[in-house]
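# Structure at a glance
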Amino acid sequence: MFNFQKQNSEQTLSEALEEFYSINTHFRDLAEKDNPNAHIFKEHDYTHVLFGLGTSIQEESLLDTYVIWGMKFNWRKIIDFYKDPEYKEVIGNIVQKHGGYWGIFKIYMSLMPVKFRVFLRCMKMTKKWNYHNISDEMLSTKLCDLRKEYNIKLLPSKYISMNKRASNSI
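Everything numeric here is computed off the predicted structure, so don't read it as measured data. (Residues numbered from 1 in each chain as written. Predicted model: local features only at pLDDT ≥ 70, side-chain atom pairs only at ≥ 80, totals over all residues. Heavy atoms only, no water.)

The next subject is the packing of aromatic side chains. Summed over the entire model, instances satisfying the criterion amount to 15 aromatic pairs. Measuring from ring centre to ring centre gives 5.7 Å for phenylalanine 27 and phenylalanine 41, while their planes differ by 85 degrees; the resulting arrangement is edge-to-face. Here phenylalanine 41 lies in helix H3 (residues 38–50) and phenylalanine 27 lies in helix H2 (residues 25–31), a separation of 14 residues in the sequence. Each of the two residues, phenylalanine 27 as well as phenylalanine 41, counts as buried. With a centroid separation of 6.1 Å and an interplanar angle of 25 degrees, the aromatic rings of phenylalanine 116 and phenylalanine 119 are classed as stacked. (Phe/Tyr/Trp six-rings, centres within 6.5 Å; stacked < 30°, edge-to-face > 60°. Helix = DSSP H or I, 4+ residues; strand = E, 2+ residues; numbered from the N terminus. Buried < 20%, exposed > 50% of the residue type's maximum accessible area, 1.4 Å probe, protein only.)

This paragraph deals with unusual backbone geometry. Positive phi outside glycine occurs at asparagine 151, with the angle close to 55 degrees. Along the chain, asparagine 151 falls in the segment after helix H10 (143–150).

Interaxial distance between helix H1 (residues 13–23) and H3 falls to 9 Å at its minimum, and their mutual angle equals 100 degrees. Taken together, the axes of H1 and H3 are roughly perpendicular relative to one another. Mapping the contact onto sequence places Leu13, Ala16, Leu17, Phe20 and Tyr21 in H1 and Lys42, Asp45, Tyr46, His48 and Val49 in H3. (Axes fitted to C-alpha atoms, helices over the stretch in contact; angles between N-to-C directions. Parallel < 35°, antiparallel > 145°, perpendicular 65-115°, else oblique. Contact = heavy atoms within 4.5 Å.)

Written out as C-alpha cells, the structure is:
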C-alpha cells in the first residue's frame, strides 16, 4: 500500500501526485505532453490520489463511479479528451488489452456491488470535488485534510484485491 492510499495520509495533494507518478512514470508523461488535453489526464491523476486508488482496470472502474457521483466536471472537456487522437490511442490500447469493450463491460459488471459501495460513499460526501479547478492552495493541502473537508472515506482494501492494486496494470 502506498502512502496516498492511507486514509490519514499526511502528504499534500502535490506530494501524493509525485508518489503516484513515481510508480506510474508513463502517466506523468501523458499528463505533461504538449497537448491541449493533457491537463485532463493530470486532473484524472489527482482523483487517483484523492480517492486512494491505483491504476488497475478494476480501480479505474471504481474511480469512474467516484467521478460521476462525487465530482463536478465539464462533460464537454471530458468528451473532447476522449476524441483526442493521442489519448484515443491510449484508451484503445487499454480496451484491447482487456478483451475489447465486451471485456471492459464484464469487468465493470463484476464490480457492481463494490461500485454501489462507492456510490454510497459519494452520497455521504459533504461537497463534490471540482475535477477541473485544482488550486495551488489545494495542492499544498494534506490529503487527510482534503478527505476530511469533503468527507471522503477510502474504500477498504478488502474490496480491492491486493494483486489488483498493481500500479502499472492498465
